[in-house]
Amino acid sequence: MDKLKLAVQKSGRLSEKSLQLLKECGIKLSNEDRKLRTVASNFPLEILYLRDDDIPQYVEQGVADTGIVGFNEVQEQQKNVILVEHLGFANCRLSLAIPKEELYTGIHYFENKKIATSYPNILKRFFQEHHIPVEIETIGGSVEIAPSIGLANAIFDIVSTGSTLIMNGLKEVHTVMKSEAILIKNENFTQEKNLILEKLLFRIKAVRNATENKYILLNAPNEAIPEIINILPGMKSPTILPLAQEGWSSLHSVVKEDQFWDIIDQLKDLGAQGILVCSIEKMVI
Ligand code: ATP
Ligand code: MG
């Protein structure tokens, strides 16, 4: 049987999470130290370990069929690949930052300024769209020190918490794009490879749904149930079971992780008690 070749970052910020996702999808890879490639023992998948910069090109050329890479890298390189799925990790943004003592007046501040970055293409497109002439200084790394050593007036770089900027006396003034890890694929796919990819995607979605949702159980007086159902939609609708105590029921449902605290407050106000919230291992909708 044909195998699907998946490129993942060899070592860096995407590596552990990429491999963890495959593990949660039930895919077993050999524990040997990451060589250039590994074959899964229980799924038709071959992993290629590469530098993240190389992944879009390898996928475009079909050396790898699919790859897990930052959306930023794909935007920078403009290779012909297809975005298959957002993966929800390695969330960051690409922002412009300037020395903190500078007065920022809007993006025209950057007119004729020199900006250091490892993402020259994204930056060039951004300022072209805004018809603002800038000078772009492409450097490979440690972009944040460029203003203090006099290499540039400003920088354009990846930001997650912003602490690196602060440590270097910079302030973030404009976010140009948001990024997260994505699954990409080659434009030409055989039917057989597509079937494997579908299978992999089915598992990835089940894992992602599980991490984005919580299972919730609670007790409530029967008269509060209609209102509680309104705020607890569940996958179809909540399960309701009578309690031994007259006039009370137990409700089971699924809530989105990011709405969780709001919902808990509303449930308490409606008289819910004994609220239990559990993680979901896998969730198939
Ligand atoms: P390689 O050696 O493979 O070329 P790299 O040094 O270019 O690695 P990393 O720093 O490992 O790249 O980052 C890989 C990707 O992880 C980035 O392209 C971006 O999508 C994401 N990323 C980078 N920094 C952060 C961060 N601070 N928070 C979240 N995600 C990040
Ligand atoms: Mg890289």
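Residues numbered from 1 in each chain as written. Chains lettered and ligands numbered in written order. Predicted model: local features only at pLDDT ≥ 70, side-chain atom pairs only at ≥ 80, totals over all residues. Heavy atoms only, no water.

1. Considerations on the sheet that holds strand E14 (residues 248-256)
For step 1, the next point in the chain: Taken together, the four strands give an open sheet; going across it, the order is E13-E14-E12-E15, and neighbouring strands pair in antiparallel fashion. Because the sheet does not close on itself, it has two edges, and the strands there are strand E13 (239-242) and strand E15 (273-279). Along the sheet, successive strands turn relative to each other by an average axial angle of 20°, direction set aside.
For step 2, the next point in the chain: Judged from the nine bridges that link them, strand E12 (residues 213-221) and E14 form a sheet pairing that is antiparallel. Bridge pairing in E14 places leucine 218 opposite leucine 251.
For step 3, the next point in the chain: Lying on the sheet, helix H6 (residues 191-212) is in contact with E12 and E14; it crosses E12 at an angle near 45°.
For step 4, the next point in the chain: Here helix H8 (residues 260-269) sits on the sheet and contacts E12, E14 and E15; the angle it forms with E15, its principal contact strand, is near 160°. (Pairing = 2+ DSSP bridges. Helix = DSSP H or I, 4+ residues; strand = E, 2+ residues; numbered from the N terminus. Axes fitted to C-alpha atoms, helices over the stretch in contact; angles between N-to-C directions. Contact = heavy atoms within 4.5 Å.)

2. Let's talk about the side chain of histidine 252
For step 1, the next point in the chain: Here histidine 252 lies in strand E14.
For step 2, the next point in the chain: By relative accessible area, histidine 252 is classed as buried at 17%.
For step 3, the next point in the chain: Side chain to side chain, histidine 252 and tyrosine 215 meet in a polar contact 3.1 Å long.
For step 4, the next point in the chain: Of the polar contacts made by the side chain of histidine 252, one reaches the side chain of serine 250; its length is 3.2 Å. (Buried < 20%, exposed > 50% of the residue type's maximum accessible area, 1.4 Å probe, protein only. Polar contact = N/O pair within 3.5 Å; in protein donor to acceptor, adjacent residues only side chain to side chain.)

3. Focus: the domain arrangement of the chain
For step 1, the next point in the chain: Annotation of the chain at the domain level lists domain 1 (4-89 + 180-189), domain 2 (92-179) and domain 3 (213-279).
For step 2, the next point in the chain: With centres defined by C-alpha atoms, the gap from domain 1 to domain 2 works out at 29 Å.
For step 3, the next point in the chain: Listed per partner, the contact involves eight residues of domain 1 and eleven residues of domain 2.
For step 4, the next point in the chain: Of the roughly 720 Å² buried between domain 1 and domain 2, counting both surfaces, carbon and sulfur atoms make up 45%.
For step 5, the next point in the chain: When the buried area of domain 1 at its contact with domain 2 is split by residue, Asn72, Glu76 and Glu180 rank highest and sum to 71% of it.
For step 6, the next point in the chain: Counting across the domain 1 and domain 2 interface gives zero salt bridges.
For step 7, the next point in the chain: In this assembly, domain 1 and domain 2 are joined by six residue pairs in polar contact (both at pLDDT 80 or more).
For step 8, the next point in the chain: Ranked by residue count, the leading element in the side of domain 1 that touches domain 2 is helix H3 (residues 71-77), at five residues.
For step 9, the next point in the chain: In the side of domain 1 that touches domain 2, the residues fall into one nonpolar, four polar and three charged. (Domains from an automatic or database assignment. Buried area = accessible area lost by both parts, 1.4 Å probe. Salt bridge = Lys/Arg side-chain N within 4 Å of Asp/Glu carboxyl O. Nonpolar A, V, L, I, M, F, W, Y, C, P; charged D, E, K, R; others polar.)

4. What about the coordination of the magnesium ion (ligand 2)?
Metal coordination angles have textbook ideals: 109.5 degrees for a tetrahedral set of four donors and 90 or 180 degrees for an octahedral set of six.
For step 1, the next point in the chain: Of the protein atoms, only Asp52 (OD) and Asp53 (OD) coordinate the magnesium ion (ligand 2), at distances of 2.0 to 2.1 Å.
For step 2, the next point in the chain: Judged by its relative accessible area of 18%, aspartate 52 is buried.
For step 3, the next point in the chain: Among the residues examined, aspartate 53 registers a relative accessible area of 29% and is labelled partly exposed. (Donors = N, O, S within 2.8 Å, 3.2 Å for Na, K, Ca; no water.)

5. Let's talk about the environment of isoleucine 184
For step 1, the next point in the chain: Among the secondary structure elements, isoleucine 184 is positioned in strand E11 (residues 181-185).
For step 2, the next point in the chain: The buried category is assigned to isoleucine 184, whose relative accessible area is 0%.
For step 3, the next point in the chain: In contact with isoleucine 184, not counting residues within four places along its chain, are Ile55, Pro56, Val59, Asp65, Thr66, Gly67, Val69, Val74, Val81, Ile82, Leu83 and Val84.

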